[in-house]
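Each chain, letter by letter, is given below.
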Amino acid sequence: MRLSRSIAFIMASAVLAGGCVGAPAPVGSSGKLAVVATTTVFADMTASVGGDLVSVTSLVPKNADVHTFEPRPADVRTIASAKLLIMNGLGLDDWLTKTITNAAAEGTPLLKLGVDLPGVTLLPGETASTQNPHLFMDVKYVELYVDRIAAALKSADPAHAQTFDVQAAAYKRQLETLDAWVRAQIATIPEANRKLVTFHDAFPYYAREYGITIVGVAVEAPGQDPNAGYTAQLITAIKSAGVKAIFAESQFPTKLVDQLAAEANCKVVADLYDDALGDPPVDSYEGVIRWDTTQLVGALR
Ligand SMILES: [Zn+2]
């Protein structure tokens, strides 16, 4: 009797499983599409496109550094339950690839926002063979990110394709307004003062788009201390360019930036936001761009 009930149960399970083949449910237990992004910045962009239809989780917490992030066992479980994975690529968050393997989630759709983006000219990275991954600090490029996010959400949840299109279009209009606002703000800084020094190299695309010169960065790569020769050269460059301020970044310690500013006799502005969101008003991508631009204008004008 017991045995036959078990067999009946197994058969019923098999029928249920068979019924699911070819039509996987796109939604998690919350009834929303479970999306996992590497950073809070990409999670915010995804939430802007997905709205109430998605539940987005960021692996790297707010105010934390994506470059040196080490996934924890809980992150492996989060990835295993995702229906869509979103990363930047280009070396920013490539640790995700190994974590996907650990989560046995190779079959989950993976969107790389910054890789092979049409119409984008990449800038050099830490070494000659790498590219700078911080495309998302250029608002124009984020409009391309949004197209990719919308396409990935539509593919994962085709029933709501129209809603994703509408929400993506609304978010892109918001980004257009943001882009125009940044240009108007930067225009108020005297041209000779549009020079930027930050902790790490997160701003070259922002600088190129909005007409600012990067004089240097305190570290060539997060997690690596610069050698004395590099720092001495940077101080000389800061002095000769007449840089007015050096910018710390929220997710990194300020000690090195403080030392640079003292040596080069300029002020420190804390903090810019780039790879990670923080508390309001920098709890969204738009908030970050508005905050950073306001800091730049305040310190350089
Ligand atoms: Zn970065």
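Given the structure is predicted, the values throughout are model-derived calculations rather than measurements.

Here we look at the domain arrangement of the protein chain
Here the protein chain is described as being made up of domain 1 (26-180) and domain 2 (187-300). Here domain 1 and domain 2 have C-alpha centroids that lie 25 Å from each other. Listed per partner, the contact involves 26 residues of domain 1 and 23 residues of domain 2. Secondary structure elements with two or more residues in the side of domain 1 that touches domain 2: α2 (40-50), α5 (139-156) and α6 (161-186). Classifying every residue of the side of domain 1 that touches domain 2 gives 12 nonpolar, eight polar and six charged.

Regarding helix α4 (residues 95-102)
Within α4, burial applies to Leu96, Thr99 and Ile100. For α4, the angular spread of the buried residues around the axis is 105 degrees, confining them to a single face. Those residues of α4 that are exposed and aimed more than 90 degrees away from the buried face are Lys98 and Thr101. Here the buried face of α4 lies against α3 (73-80), β3 (84-87) and β4 (110-112). Once α4 finishes, Ala104 follows within two positions and takes phi at roughly 50 degrees, a positive value.

Quick notes on the packing of α5 against α6
Axis separation between α5 and α6 bottoms out at 9 Å; the angle between their running directions is 170 degrees. Relative to α6, α5 is oriented roughly antiparallel. Counting all contacts with α5, which are made through Val139, Lys140, Val142, Glu143, Val146, Ala150, Leu153 and Lys154, the residues of α6 involved are Ala161, Phe164, Asp165, Ala168, Tyr171, Lys172, Leu175, Leu178, Asp179 and Val182. The class makeup of the residues in the contact of α5 with α6 is 12 nonpolar, no polar and six charged.

What counts as what
- Residues numbered from 1 in each chain as written.
- Predicted model: local features only at pLDDT ≥ 70, side-chain atom pairs only at ≥ 80, totals over all residues.
- Domains from an automatic or database assignment.
- Contact = placed C-beta atoms within 7 Å.
- Helix = DSSP H or I, 4+ residues; strand = E, 2+ residues; numbered from the N terminus.
- Nonpolar A, V, L, I, M, F, W, Y, C, P; charged D, E, K, R; others polar.
- Buried ≥ 20, exposed ≤ 12 C-beta atoms within 10 Å, placed from the backbone.
- Arc of directions from axis to C-beta.
- Axes fitted to C-alpha atoms, helices over the stretch in contact; angles between N-to-C directions.
- Parallel < 35°, antiparallel > 145°, perpendicular 65-115°, else oblique.

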